[in-house]
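Chains, contacts and geometry: an overview
Okay, here's what each chain looks like letter by letter:
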Amino acid sequence: MRQHDNHARPDAVLSGGQLAAIATAARVCARPVRLRGWRTVADAVTGEVISAVRSDEQPGGVIEVPCGNRRAAVCPSCAWLYKGDLWQVMAAGLRGGHGIPETVSQHPAVSVTLTAPSFGLVHRGPGRDGQPVRCRPRHDRPVCQHGQPASCGRTHRDGEQLLGQPLCAECFDYAGAVLFNAVVPELWAAFTRALPSAAAREAGISRAVLRSHLRISSGKVIEYQDRGLVHVHAVIRADGPDGAGDDPPPWASADLLKTAALSAASVPSVTLPHPGDSGSMLTLSWGSQADVRAVRRGIGGELNEAKVAAYIAKYASKATEDAGGIPVPIRSAADLAEWNVTPHGWRLITACWQLARREEYADLKLARWAHQYGFGGHFSTRSRRWGVTLTQRRQQRQAWHDSHDGDAGGQVIVLSEWHYAGTGDPPG
Ligand SMILES: [Zn+2]
Ligand SMILES: [Zn+2]
Ligand SMILES: [Zn+2]
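Scope of this entry: the structure provided in the associated data block. Since this is a predicted model, take the numbers as computed values, not measurements.

**Re the sheet that holds strand β4 (residues 109–114)**
Ordered in space as β9-β4-β6-β5-β10, the 5 strands form an open sheet in which the pairing is antiparallel. Looking along the sheet, the strands with just one partner apiece sit at the ends: β9 (291–294) and β10 (380–382). Averaged over all pairs of adjacent strands, the angle between strand axes in this sheet comes to 15°, irrespective of strand direction. Two elements, β4 and strand β6 (residues 230–239), share 6 bridges in a ladder whose sense is antiparallel.

Here is the structure:
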């Protein structure tokens, strides 16, 4: 079948009697995918047809399936489902369920925020706790070399347009900012590689000894800050050598993970040719404000598992659109005009286009990822040992529908063929 650029896998989605559920989901989906084809389920022993679906028997000759898009700006309904699935996956990795033993809730875990460094002064909103913060107050009211004020002093409300916008766009290092976003996947990989060494150092044992007693698994999600830079929110968990179902050694504590995470956050850096100074190199690393907190167990704890999972899932259906950007790929300045892009977002996007023309940055595919301000990685990932995956979670949801339809049980043969027939409402 023809591949279409979205996350829905129609053949997998259209299993068994999930049709009614699909129809409901497709009705609320903002841009359902239309398919033409058929699917037949037959008893493997007798050959008797159990269920048959043909698109040509449906109104308009097509079957609509939900688009499956993760982003609330593109499809609120599918994004809501995605968010819920991610919550389940993160929470299960912290308190058990979905095939992970409940003993996992005894494993030490910490939440980690890896930040971006500063690329220039921007207007600041309320703090993480929601407390109002005065934006860049300075009594001496300095100005930059372009004659712009280098202080603000106002107290901005959450959601104000000005948040994340630079005090002086000329001073803001746009090339550095998008190059940082582009290397975030590399920095994250380096961070996770550095974790076991840092933990071994802290425990006073060799890396090899650590490996035979302790494994570290992680799940992460990307957040776009108002200033258009990428932060990483992660949960790190200590297990025994066999993963989520295996207890870690008694000396593995949240404090050990915390020290290891802070140390690993300070290690990695990526060097690239300097965008403004040919011949020299630009070194990119995490900002200095890595925030690491223990995930407390039980009800009423400041950071319990459910809250941490919700905190991670919160970012899952968002991206650059919250930072004045665009939720879909763009090709030209004409595309830009169709969206309500802030001047700051516009500069970040054009910085990607400009750098994309230079051979030394070809690997970063900055033109392709310009709408994401240079970041081209996955929005949420979990390490192999996390214990449950988003795919498994989706299959569980599907299995529930199957079991409520009578399709499940007994050996069946499934035959199907589907062709892409468009997106959105059928014409006429
Ligand atoms: Zn949708
Ligand atoms: Zn301000
Ligand atoms: Zn300036």
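**Some details on the pairing of strand β5 (residues 215–224)**
Among the 10 residues of β5, 10 are classified as buried, and the element is accordingly described as predominantly covered. On β5, burial covers both faces: Arg215, Ser217, Gly219, Val221 and Glu223 on one face and Ile216, Ser218, Lys220, Ile222 and Tyr224 on the other are all buried. Relative to β6, β5 runs antiparallel, the two being bridged by 10 bridges. Paired with tyrosine 224 across the bridge in β6 is valine 230. Hairpin connection between β5 and β6: a loop of 5 residues separates the two successive antiparallel strands, and glycine 228 in this loop has a positive phi of roughly 85°. Sheet topology note: the β5/β10 ladder contains 3 bridges and is antiparallel. Bridged to lysine 220 within β10 is threonine 381.

**Re helix α6 (residues 254–266)**
Here α6 spans 19 Å end to end across 13 residues, near enough to the 18 Å set by a 1.5 Å rise per residue. Within the span of α6, buried status applies to Ala254, Leu257, Ala260, Ala261, Ala264 and Ala265. Buried residues of α6, viewed axially, fall in a sector of 130°; they line one side.

**Concerning the nonpolar core**
One broad trend across soluble globular proteins is that nonpolar side chains are buried collectively. Counting residues in each nonpolar core, the largest one holds 90 residues, and the members touching the most others are Met90, Val178, Val235, Ile236, Ala261, Cys352 and Leu366. Tallying contributions element by element places helix α4 (residues 174–203) first for this core, with 15 residues.

**Side note on unusual backbone geometry**
Backbone geometry places arginine 141, a non-glycine residue, at a positive phi of 45°. Looking at the secondary structure, you find arginine 141 in the loop between β4 and α4. Since 10 C-beta atoms lie within 10 Å of it, arginine 141 is described here as exposed. With a phi close to 50°, lysine 365 is a non-glycine residue in the positive phi region. With respect to the element layout, lysine 365 can be found in the loop between α9 (343–356) and β10. Classification of lysine 365 as partly exposed rests on a count of 14 C-beta atoms within 10 Å.

**Remarks on the packing of helix α3 (residues 76–95) against helix α7 (residues 305–314)**
Direction vectors running N to C along α3 and α7 enclose 145°, while the axes themselves pass 8 Å from each other. For the element pair α3 and α7, the recorded crossing hand is right-handed. Contact residues: Lys83, Leu86, Trp87, Met90, Ala91, Leu94 and Arg95 in α3; Glu305, Ala306, Val308, Ala309, Ala310, Ile312 and Ala313 in α7. Its residues assigned to classes, the contact of α3 with α7 comprises 11 nonpolar, no polar and 3 charged.

**Comments concerning the environment of alanine 309**
Counting through the fold element by element, alanine 309 comes out in helix α7. For the pair formed by alanine 309 and alanine 234, sequence separation is 75 residues and the distance between their alpha carbons is 10.0 Å. Excluding its chain neighbours within four sequence positions, the residues that come into contact with alanine 309 are Trp87, Met90, Ala91 and Leu94.

About the cut-offs
- Residues numbered from 1 in each chain as written.
- Chains lettered and ligands numbered in written order.
- Predicted model: local features only at pLDDT ≥ 70, side-chain atom pairs only at ≥ 80, totals over all residues.
- Pairing = 2+ DSSP bridges.
- Helix = DSSP H or I, 4+ residues; strand = E, 2+ residues; numbered from the N terminus.
- Axes fitted to C-alpha atoms, helices over the stretch in contact; angles between N-to-C directions.
- Buried ≥ 20, exposed ≤ 12 C-beta atoms within 10 Å, placed from the backbone.
- Expected span 1.5 Å × (residues − 1).
- Arc of directions from axis to C-beta.
- Core = buried A, V, L, I, M, F, W, Y, C linked by C-beta atoms within 7 Å.
- Left-handed = near helix turned anticlockwise from the far one by under 90°.
- Contact = placed C-beta atoms within 7 Å.
- Nonpolar A, V, L, I, M, F, W, Y, C, P; charged D, E, K, R; others polar.

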